[in-house]
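Results of the structural survey
Given next are the chains, with one letter for each unit.
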Amino acid sequence: MLLEVRDLHVEFHTREGIAKAVNGVDYSVDAGETLAVLGESGSGKSVTAQAVMGILDVPPGKITQGEILFQGQDLLKLKEEDRRKVRGAKMAMIFQDALSSLNPVLSVGDQLGEMFQVHKGMSRKDSKAKAVELMDRVRIPAAKERVGQYPHQFSGGMRQRIMIAMALALEPELIIADEPTTALDVTVQAQVMDLLAELQRELHMGLILITHDLGVVADVADKIAVMYAGRIVERAPVHEIYKAPAHPYTKGLLESIPRLDQKGQELYAIKGLPPNLLNIPPGCAFNPRCPLARDRCRTDVPPLYEVTESPVPRTSACHFWKECLHG
Amino acid sequence: MADLSKNEEAVAASEAEAVAAIEAPAERGEPILQVRDLKKHFPLTQGILFKRQVGAVKAVDGVSFDLYQGETLGIVGESGCGKSTVAKLLMNLEQATAGEVFYKGQDITKLSGRALKAVRRNIQMVFQDPYTSLNPRMTVGDIIGEPFDIHPEVAPKGDRRRKVQELLDVVGLNPEYINRYPHQFSGGQRQRIGIARGLALNPEIIICDEPVSALDVSVQAQVINLMEKLQDEYNLSYLFIAHDLSIVRHISDRVGVMYLGKMAEIGTDEQIYEHPTHPYTQALLSAVPVPDPEARAHRERIILTGDVPSPANPPSGCSFRTRCWKAQDKCAEEIPLLAIPEPFQGQDTPAAHFSACHFAEEKNVVAAH
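Computed from a predicted model, the values in this text were never measured in an experiment.

**Some details on the overall build of chain A**
Along its length, chain A carries 13 helices and twelve strands. Since a compact globule built from 327 residues should have a radius of gyration of about 20 Å, the 21 Å found for chain A is in line with a globular shape. With respect to the principal axes defined by its C-alpha atoms, chain A has extents near 65 × 50 × 40 Å. For chain A, long-range pairs separated by at least 24 residues make up 63% of all intrachain contacts whose partners lie at least 6 apart in sequence.

**Some words on the nonpolar core**
In this structure, A:A165, A:I224 and B:L239 are the most contacted members of the largest nonpolar core, which totals 191 residues. Examining the composition of this core, we find that eight residues originate from one element, helix α7 (residues 156-168) of chain A, more than from any other. When residues of this core are sorted by domain, at least three fall in each of domain 1 (2-46 + 54-252) and domain 2 (269-355) of chain B. Not counting residues within four places of it along the chain, the set of residues in contact with A:A165 comprises A:L112, A:L134, A:M135, A:R137 and A:V138.

**Section: the interface of chain B and chain A**
On the side of chain A, 39 residues touch chain B, which itself brings 37 residues to the contact. Broken down by secondary-structure element, the contributors of at least two residues to the side of chain B that touches chain A are α7 (217-234), α8 (245-251), α9 (269-274) and α10 (279-287) of chain B. Top element by residues in the side of chain B that touches chain A is α7(B). It accounts for six residues. A breakdown of the residues in the side of chain B that touches chain A according to their chemical character gives 19 nonpolar, ten polar and eight charged.

**Some thoughts on helix α5 (residues 124-137) of chain A**
Residues separated by three or four positions in an α-helix point in the same direction, a consequence of the helix having 3.6 residues per turn. Residue and element names in this part refer to chain A. Along its 14 residues, α5 runs 20 Å from first to last C-alpha, staying within 8% of the 20 Å computed at 1.5 Å per residue. What α5 keeps buried is the set S127, K128, A131, L134 and M135. All buried residues of α5 lie within an arc of 115° about the axis, which places them on one face of the element. Buried-residue contacts for α5 involve α4 (108-120), α6 (143-146) and α7. After α5 finishes, the residue R139 shows a positive phi value of roughly 60°.

**Some points on the sheet that holds strand β2 (residues 17-29) of chain A**
Residues and elements named next belong to chain A. Here we have four strands laid out as an open sheet, ordered β2-β1-β4-β5, and antiparallel in their pairing. In this open sheet, the two strands that pair with only one neighbour each are β2 and β5 (73-74). Contacts from helix α1 (residues 45-53) reach β1 (3-14), β2 and β4 (61-70), with the element oriented near 110° to β1.

**Some words on unusual backbone geometry**
All names here are of chain A. That bond from V58 to P59 is cis: its omega, -25°, falls within 30 degrees of zero. Relative to the helices and strands, P59 resides in the loop between α1 and β4. For the bond from P59 to P60, the omega torsion is 10°, close enough to zero to count as cis. Following the sequence through the fold, P60 ends up in the loop between α1 and β4. In the Ramachandran plot, Q71 falls in the positive-phi region, its phi being about 50° despite a non-glycine side chain.

**Considerations on the packing of helix α8 (residues 186-203) of chain A against α10(B)**
Look at α8(A) against α10(B): their axes get within 8 Å of each other, and the N-to-C directions meet at 50°. Relative to α10(B), the element α8(A) is oriented oblique. At the point where α8(A) passes α10(B), the crossing takes the left-handed sense. Residues A:V186, A:T187, A:Q189 and A:A190 of α8(A) form the contact with α10(B), whose own contacting residues are B:A283, B:L284 and B:A287.

**Some words on the environment of B:R190**
Residue and element names in this part refer to chain B. Note on placement: R190 falls in helix α6 (residues 187-199). A C-alpha to C-alpha distance of 20 Å links R190 and P203, two positions 13 residues apart in sequence. In contact with R190, other than residues within four places in its own chain, are P130, Y131, L134, P182 and F185.

**Quick look at the environment of A:L170**
Residues and elements named next belong to chain A. Tracing the backbone through its elements, the reader meets L170 in the loop between α7 and β7 (174-178). C-alpha of L170 to C-alpha of S127: the two residues are 43 residues apart in sequence and 12 Å apart in space. Filtering out sequence-adjacent residues up to four positions away, L170 remains in contact with G88, A89, M115 and H119.

**Notes on the domain arrangement of chain B**
Considered domain by domain, chain B is made up of domain 1 (2-46 + 54-252) and domain 2 (269-355). The straight-line distance from the C-alpha centre of domain 1 of chain B to that of domain 2 of chain B is 26 Å.

**A closer look at the packing of helix α11 (residues 248-256) of chain A against α7(B)**
Any two packed helices are characterised by how steeply their axes cross, that is the angle between the axes, and by the distance between the axes. One way to put it is that α11(A) packs onto α7(B) with a least axis distance of 9 Å and a crossing angle of 45°. Put simply, α11(A) runs oblique to α7(B). The interaxial crossing formed by α11(A) with α7(B) has left-handed handedness. Facing α11(A), whose interface residues are A:G252, A:L253 and A:S256, α7(B) presents B:V217, B:S218 and B:A221.

**Considerations on the pairing of strand β2 (residues 52-67) of chain B**
Residues and elements named next belong to chain B. Pairing analysis gives twelve bridges linking strand β1 (residues 33-46) to β2, with the strands arranged antiparallel. By the bridge assignment for β2, L33 is matched with L67. If you look at the hairpin formed by β1 and β2, you'll find five residues sitting between the two strands, and G47 has a positive phi there, around 90°.

**What about the environment of A:V238?**
Turning to its location among the elements, A:V238 is positioned in helix α10 (residues 238-243). On the basis of neighbour count, A:V238 is assigned to the buried category, with 21 C-beta atoms found within 10 Å. Residues A:V238 and A:K223, spaced 15 residues apart in sequence, show a C-alpha to C-alpha distance of 4.8 Å. The residues contacting A:V238, other than those within four sequence positions of it, are A:A218, A:A221, A:D222, A:K223, A:I224 and B:P293.

Reading guide: rules and limits
Residues numbered from 1 in each chain as written. Chains lettered and ligands numbered in written order. Predicted model: local features only at pLDDT ≥ 70, side-chain atom pairs only at ≥ 80, totals over all residues. Helix = DSSP H or I, 4+ residues; strand = E, 2+ residues; numbered from the N terminus. Rg over C-alpha atoms; globule rule 2.2 N^0.38 Å. Contact = placed C-beta atoms within 7 Å. Core = buried A, V, L, I, M, F, W, Y, C linked by C-beta atoms within 7 Å. Buried ≥ 20, exposed ≤ 12 C-beta atoms within 10 Å, placed from the backbone. Domains from an automatic or database assignment. Nonpolar A, V, L, I, M, F, W, Y, C, P; charged D, E, K, R; others polar. Expected span 1.5 Å × (residues − 1). Arc of directions from axis to C-beta. Pairing = 2+ DSSP bridges. Axes fitted to C-alpha atoms, helices over the stretch in contact; angles between N-to-C directions. Parallel < 35°, antiparallel > 145°, perpendicular 65-115°, else oblique. Left-handed = near helix turned anticlockwise from the far one by under 90°.

As structure tokens, then:
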């Protein structure tokens, strides 16, 4: 296994109290595999990724428990110095907002080249040649001429390509993409997702795709982990989850999106609001919004029940997953 | 160049004619809002002391459509296509460069002062970002009640608090929250406050500029359902501007697709989604990620190359030709008219709707799932 996150807990100390952002997350990705982490804002999907990358703000954030095994090595036990060598070279991240993630006063060539200067000790000249090569690879037209341009001179889609180029620079084994296409228009989104999927196949990388868009997930993912209030509520291969969700939250999400191919009646809406992380409801965190909730849900935290075993294990954190799956 | 401008004039004339002949199914009656050849060009200037105009960003470049009582017209398009500028022009927040907007027969682009104020009462707006469109230092009661300060005839002073509480109730918020501040609400609740403010003056038309795109999926459905309920209750007309094609289909009766300041195709939701004839609409629809992994295999995807050209310097002829796989010489020379394409004229098929393409062809790209 390329990456394995085990029982991860992350808290944030805020003025109002302790916000429990991640409460025992387990997931894993293999080389060449795409894991989609699906969730709404505040579900802990980005915080988990930041913990894996080692870019969590500490303080106020704090990892209180868990292991992050990368090729069998627990990253949380590494010294910051060694961690830095892993970051960028072996795992890289693509952020949502390319305009604010790129430095506006450095040319894109300098920013891409920096990767090679810092990690590989290359000269300025060599690193610039490498930058042009990378820009070609992510199909930026006229790379040679554009390498000296600044981020504002590129369109949104091109900037996101530069972010991808930067993440790929050192040919990492794992890429974490946090809402990589949310800020883009649909036609450009399709271009960027295609590019990302193609490069992943070519380089046989593991990809963690963090998103709230059920459509994007269906197009590229192999398996899905659905998060709610800092926990994984359902984990399944992509085909099965759309056919028959085994958790009421997943089911609600799928039913609440309008469809492109028909007009449809009134949308199903999950009632209520996502929980406040300072004060997560006892028992199953979803119980105040759940149509299946009973007394047991308000007291017992549901474990991840095994739904099916083969070929990829499928789990659901619902006491009544059978009811959800079959009815 | 002379040829081109002549061509443009011809386009304007025949487009106006065409639109006059459009739609207007008898049972709908008179349109409540008629937009004719609306243009907004933002000047590009050079020099500091002696500013001279060196060009113009043609944000909206000849858009025409009708809006009927109680219907929802969806406008879709990518960023920079001018859909938000259309919204601002309809609200008279921007001065149109050319064209007319008739509200019940009256051209509102020419109005000012008292007459404009009276019309504005009937056309209200709901904005995209519920975080920045509410003043953080005003209570919810003040925010929703502020329209009454400008139009006191709607609610006399003593009655306002009750009116505001009624509005809160209508949009599904607890009327006791009247003294709270925006930061005490979640995104979805804030959008409800924005909607309540839009409803305060009992308008006939509400212009919604990306009203749900900042919201989480599970909350989006709540707000969409609320908007549909309010439409039925108050017989509102919506102009629903969004980039999410699935949501637009869900809520709209008719849909217009914009590209680079122009309307590329307009028709009923079924005509646009199941029988699109403009290549841009087809590409746009095929690029939408569908939440069904089974559809991956048997779905044809049209991946456009390149980006949207700059509206300061749009391509000659058809503005989509630089990204279009069907483009031929004719597309660079002649601006296609927004009309029923020739092959479908006089036919009783869903493909016979307005589409601005020389080589319009029907193609269903939305796989049923």
